[in-house]
Structures are given as C-alpha cells and as structure tokens.
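# A closer look at the structure
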Amino acid sequence: MAKKTVATLQKGEGRTYSKVIKMVKSPKTGAYVFKEEMVPNDQVQATLNK
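Residues numbered from 1 in each chain as written. Predicted model: local features only at pLDDT ≥ 70, side-chain atom pairs only at ≥ 80, totals over all residues. Heavy atoms only, no water.

### Here's the deal with the overall build of the protein
- In terms of helices and strands, the protein carries two helices and two strands.
- Reading the protein from its N terminus to its C terminus gives the helix and strand order α-β-β-α.
- By sequence separation, contacts in the protein at least 24 residues apart represent 27% of the contacts at least 6 residues apart.
- Accessible surface, the protein: about 4600 Å² in total, of which carbon and sulfur atoms supply 57%. (Helix = DSSP H or I, 4+ residues; strand = E, 2+ residues; numbered from the N terminus. Contact = heavy atoms within 4.5 Å. Areas by Shrake-Rupley, 256 points an atom, 1.4 Å probe, with all protein chains shown as cover.)

### Regarding a nonpolar patch on the surface
- Together, I21, M23, Y32 and F34 give the surface a local cluster of nonpolar side chains, amounting to about 480 Å² of exposed area.
- For the nonpolar patch, the secondary structure elements donating two or more residues are β1 (17-25) and β2 (32-40).
- By the secondary structure assignment, I21 is in strand β1. (Patch = residues over 30% accessible without salt bridge, like charges linked within 9 Å, V, L, I, M, F, W, Y side chains within 5 Å. Salt bridge = Lys/Arg side-chain N within 4 Å of Asp/Glu carboxyl O.)

### Quick look at the pattern of salt bridges
- Overall, the coordinates contain one salt bridge when judged by the stated rule.
- The partner of E36 in a salt bridge is K19, and the shortest N-O contact between them spans 3.2 Å. Linking E36 in strand β2 with K19 in strand β1, this pair joins segments that are 17 residues apart in sequence.

### With respect to the pairing of β2
- Two strands pair when backbone bridges link them, and β1 and β2 are joined in this way by nine bridges, in the antiparallel orientation. In the sheet register, K19 faces β2, and the bridge partner there is M38.
- Between β1 and β2, which follow one another and run antiparallel, lie six residues, and G30 among them has a positive phi close to 85 degrees. (Pairing = 2+ DSSP bridges.)

### Focus on the environment of Q45
- Within the secondary structure, Q45 sits in helix α2 (residues 44-48).
- Residue Q45 is classed as exposed on the basis of its relative accessible area of 53%.
- Separated by 25 residues in sequence, Q45 and V20 place their C-alpha atoms 9.8 Å apart. (Buried < 20%, exposed > 50% of the residue type's maximum accessible area, 1.4 Å probe, protein only.)

### Digging into the environment of Q43
- Locating Q43 in the fold gives a position in the loop between β2 and α2.
- Exposure remark for Q43: the relative accessible area of 42% places this residue in the partly exposed category.
- Residues Q43 and S18, spaced 25 residues apart in sequence, show a C-alpha to C-alpha distance of 9.2 Å.

Function cannot be read off these values alone, since they describe shape.
The following block contains the structure:
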C-alpha cells in the first residue's frame, strides 16, 4: 500500500508537498515523539519554526 502512495506523490501535484517530521518532547512523560505532516513546499520553514 505504501508503494501506491509514494507513486501518486511523485506525479503531478504531489511534488508540491514535502513531508516534515519533527521530534517533539512530550510534556506529560518527557519522552520524545515524532510528528509527521505533509505541507506545501513554500510553508516548510514556517512549519519547522513553530
């Protein structure tokens, strides 16, 4: 199933998006969790600066 998703993102409109993965520390447990988002290429820096 993952192959189908990757294949559709490589064609047409999919190239205008980037996958952003951030490591965030949980305030409750203190453990680190990874948050993944698909954002437009022009908003990558704004997403990372949040």
